[in-house]
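Below, each chain spelled out in residue letters.
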Amino acid sequence: MNTKVQKWGNSLGLRIPKSLAEEAGVEAGSTVDVSVRDGDLVVKPVRRRRYRLSDLLRRVSSKNIHGEVDAGKPRGREVW
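Worth saying up front: this structure is predicted, and the values here are computed from it rather than measured.

Quick question: what am I supposed to make of the pairing of strand β4 (residues 40-45) here?
Consecutive side chains along a regular strand alternate between the two faces of the sheet. Across 6 bridges, strand β3 (residues 32-37) lies against β4 in antiparallel orientation. Paired with Val34 across the two strands is Val43, which belongs to β4. Taking the residues that link successive antiparallel strands as the turn, the β3-β4 hairpin has 2 residues, and the phi of Asp38 there is positive, at about 55°.

Below is the structure:
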């Protein structure tokens, strides 16, 4: 599919047809990685890494756990 690169301020913009955007899983506001590989312009969606609580907790050890944090005196109707 051909499309045109157009001037956008001091930069260049590329419009992505709806069918390609849906296939790539991108929408307005998506973050993409733009690079040049062997002279080709490559645009790839940046997938947000998903964390699971169990995986994060597995990395907690006696060496990296911190103690209590003083949050200051109660304010309002807080009960400590």
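Help me understand the pattern of salt bridges in this model?
Pairs may arise between side chains of opposite charge once their charged atoms sit close together. Under the definition given, this model contains 3 salt bridges. With a shortest N-O distance of 4.0 Å, Lys18 and Glu22 are connected by a salt bridge. Of this pair, Lys18 and Glu22 both sit in helix α1 (residues 18-24), 4 residues apart, roughly one helical turn. Take Glu22: its relative accessible area is 55%, and that puts it in the exposed class. Residue Arg58 is joined to Asp55 by a salt bridge in which the shortest nitrogen-to-oxygen separation is 2.9 Å. Of this pair, Arg58 and Asp55 are both found in helix α2 (residues 53-58), 3 residues apart, which corresponds to roughly one turn of the helix. Taking relative accessible area as the criterion, Arg58 reaches 60% and is therefore assigned exposed. Using a relative accessible area of 29% as the deciding quantity, one classes Asp55 as partly exposed.

What counts, and at which threshold
- Along each chain, numbering runs from 1 in the same order as the chain's sequence is written.
- Residue-level local features of this predicted model are given only where pLDDT is at least 70; pairs of side-chain atoms are given and counted only at 80 or more, and the full residue set underlies all totals for whole chains, interfaces and linings.
- Side-chain metrics in this entry use all non-hydrogen atoms of the structure; hydrogen atoms and water are not considered.
- Note on pairing: two strands pair once DSSP finds at least 2 bridges between them.
- Per the convention used, a helix needs a DSSP run of H or I reaching at least four residues, while a strand needs a run of E reaching at least two, with both numbered from the N terminus.
- We define a salt bridge as a side-chain nitrogen of Lys or Arg found within 4 Å of a carboxyl oxygen belonging to Asp or Glu.
- The rule is simple: take the accessible area with a 1.4 Å probe, protein chains only, and divide by the maximum for that residue type; under 20% is buried, over 50% is exposed, in between is partly exposed.

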